[in-house]
Amino acid sequence: MISITPSHIIQHLYCPRYTYFEWVLRIPQNEEKYGKVMRGRKIHDQRLERNKGYLRKRLGVTNRWDDQYLTNDHLRGRIDEVLQLKDGTYAPLDYKFAEWKDKVFRTYKLQLYCYALLIEQNFGGAVNAGYLVYTRSSNKVVKVDIGQKEKERVRAIAQVVADNKYPKATKYPRQCVSCTYRNICER
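Residues numbered from 1 in each chain as written. Predicted model: local features only at pLDDT ≥ 70, side-chain atom pairs only at ≥ 80, totals over all residues. Heavy atoms only, no water.

### Observations regarding the overall build of the chain
Line of reasoning, step 1. Counting secondary structure elements, the chain contains five helices and five strands.
Line of reasoning, step 2. Reading the secondary structure of the chain in the N-to-C direction produces α-α-α-β-β-β-α-β-β-α.
Line of reasoning, step 3. Evaluated residue by residue, the chain yields a buried proportion of 44% over its 187 residues.
Line of reasoning, step 4. Intrachain contacts of the chain at a sequence separation of at least 6 include 63% that bridge at least 24 residues.
Line of reasoning, step 5. For the chain, the computed accessible surface area is about 10900 Å², with 48% contributed by carbon and sulfur atoms. (Helix = DSSP H or I, 4+ residues; strand = E, 2+ residues; numbered from the N terminus. Buried < 20%, exposed > 50% of the residue type's maximum accessible area, 1.4 Å probe, protein only. Contact = heavy atoms within 4.5 Å. Areas by Shrake-Rupley, 256 points an atom, 1.4 Å probe, with all protein chains shown as cover.)

This is the structure in structure tokens:
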């Protein structure tokens, strides 16, 4: 069985060919050429190191596990923090090198949904919400509710990506402008 990451699913939603080029054909996307990606990773690593041992009491956190690499039959991913809450449920917390603009992007939500599935299978408890920390907005924390419908959507997308068929390109050609594969895609 093929195991994919939340990033693969997000990329698949952005443009199905993106995942095909990277995952099926194994053509590297050379992210190191993109300064914002590398800067975000550096800040991300600094936040993880700086916040060791900090429990977010306002969220009702009773325990936490940092930088957790989890897998199941279809997914794999590295979760910044797995939180255990007062009510016995768990929640993923993910740092974003982004500004809060009064809206949670669907890609961020989808990543939390993937993490919810991974946490449920690996930690054995329910996940009903996840949290995003916007590092470029004074570490604003935003809660995202996660239900069964969202988890089933991730399972369905994971299966589509795992089938390894050459997909149609995105319906939105503007997205091609910043794609790392724009030079090899026939669009």
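### Here we look at helix α5 (residues 148-162)
Line of reasoning, step 1. Here α5 contains 15 residues, and its C-alpha end-to-end distance of 21 Å stays within 8% of the 21 Å for a straight helix at 1.5 Å per residue.
Line of reasoning, step 2. Here α5 has its buried residues at Lys151, Val154, Ile157, Ala158, Val161 and Ala162. Buried residues along α5 cover an arc of 135 degrees about the axis, so they all sit on one side.
Line of reasoning, step 3. On its buried face, α5 is in contact with α1 (6-14), α2 (16-24) and α4 (106-123).
Line of reasoning, step 4. Residue Asn164 follows α5 closely and has a positive phi angle near 60 degrees. (Expected span 1.5 Å × (residues − 1). Arc of directions from axis to C-beta.)

### Regarding the nonpolar core
Line of reasoning, step 1. One finds Ile9, Leu75 and Val154 to be the most contacted residues of the largest nonpolar core, which totals 31 residues.
Line of reasoning, step 2. Elements with a contribution of two residues or more to this core: α1, β2 (76-85), α4, β4 (129-134), β5 (140-145) and α5.
Line of reasoning, step 3. With 10 residues, α4 is the single largest residue contributor to this core.
Line of reasoning, step 4. Once residues lying within four places of it in the same chain are set aside, the contact partners of Ile9 are Ile4, Leu75, Leu110, Cys114, Val154, Ile157 and Ala158. (Core = buried A, V, L, I, M, F, W, Y, C linked by side-chain atoms within 4.5 Å.)

### Some points on the pattern of salt bridges
Line of reasoning, step 1. Counting across every chain of the model gives eight salt bridges.
Line of reasoning, step 2. The shortest N-O distance in the salt bridge between Lys96 and Asp94 comes to 2.8 Å.
Line of reasoning, step 3. A relative accessible area of 11% means that Lys96 is categorised as buried.
Line of reasoning, step 4. For Asp94, a relative accessible area of 3% corresponds to the buried category.
Line of reasoning, step 5. Across the salt bridge formed by Arg136 and Glu99, the nearest N and O atoms sit 3.6 Å from each other. You can see Arg136 sitting in the loop between β4 and β5 and its partner Glu99 sitting in the loop between β3 (90-96) and α4, a full 37 residues away along the chain.
Line of reasoning, step 6. A cluster of three or more residues bridged by salt bridges with shared partners is formed by Arg64, Asp66 and Glu81. (Salt bridge = Lys/Arg side-chain N within 4 Å of Asp/Glu carboxyl O.)

### Some thoughts on the pairing of β5
Consecutive side chains of a regular strand alternate in pointing toward one face of the sheet and then the other.
Line of reasoning, step 1. Sheet topology note: the β4/β5 ladder contains six bridges and is antiparallel. Bridge assignment links Val133 to a residue of β5, and that residue is Val141.
Line of reasoning, step 2. The turn linking β4 back onto β5 is made up of five residues, and Ser138 within it adopts a positive phi angle of 55 degrees. (Pairing = 2+ DSSP bridges.)

### Describing the sheet that holds β5
Line of reasoning, step 1. Reading across the sheet, the five strands line up as β1-β2-β3-β4-β5 and stay open at both edges, with mixed pairing between neighbours. Looking at which strands have only one partner, the edges of the open sheet turn out to be β1 (61-71) and β5. Taking each pair of neighbouring strands and ignoring which way they run, the sheet shows an average axis angle of 30 degrees.
Line of reasoning, step 2. Strand direction decides the pairing type here: β2 and β3, joined by four bridges, are antiparallel. The residue bridging Glu81 from the neighbouring strand is Leu93, located in β3. (Axes fitted to C-alpha atoms, helices over the stretch in contact; angles between N-to-C directions.)

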